[in-house]
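In case you want the letters, here they are:
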Amino acid sequence: MRPLMAAERRRSPRHPLYRVAKIKTGAGIPPHDCLVIDISAGGVRLFLDGFDAPDEFVLFLSCDGVVRQSIYKVVWRRGHEVGAEFVRAVQSGFALQN
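Overview of the structure. (Residues numbered from 1 in each chain as written. Predicted model: local features only at pLDDT ≥ 70, side-chain atom pairs only at ≥ 80, totals over all residues. Heavy atoms only, no water.)

With the rule as written, the count across this model stands at two aromatic pairs. For the ring pair Phe57 and Tyr72, a centre distance of 6.0 Å and an interplane angle of 20° mean the geometry is stacked. Of this pair, Phe57 sits in strand E4 (residues 56-63) while Tyr72 sits in strand E5 (residues 66-78), placing them 15 residues apart in sequence. When its relative accessible area of 3% is taken as the criterion, Phe57 is described as buried. Measuring from ring centre to ring centre gives 5.8 Å for Tyr72 and Phe86, while their planes differ by 75°; the resulting arrangement is edge-to-face. With Tyr72 in strand E5 and Phe86 in strand E6 (residues 81-94), the pair connects residues that are 14 residues apart, well separated along the chain. For Tyr72, a relative accessible area of 5% translates into the label buried. It is Arg78 that lies over the ring of Trp76; its NZ or CZ is 4.3 Å from the centre. (Phe/Tyr/Trp six-rings, centres within 6.5 Å; stacked < 30°, edge-to-face > 60°. Helix = DSSP H or I, 4+ residues; strand = E, 2+ residues; numbered from the N terminus. Buried < 20%, exposed > 50% of the residue type's maximum accessible area, 1.4 Å probe, protein only. Lys NZ or Arg CZ within 6 Å of the ring centre and 35° of its normal.)

Structure, rendered in structure tokens:
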């Protein structure tokens, strides 16, 4: 007899990413680096080291030179990992070159 598998509750599939991003934890506080472990249309799983994410935060994610800022809301916390659902996009624009 095969063990029963837990039902998948996600509305959209996860995609492994393993990309460094920045998380803004509050006004006047510089963004912190974090690791996006995976992402879907509905949310992200992050690895945080040395800080805690607030219940709602802005994530800065760069892809192909374009930085996307989106608001996320924490759904679960497990050790250094945080699962957060997508709330809304803030803006998208080209990254500045130094």
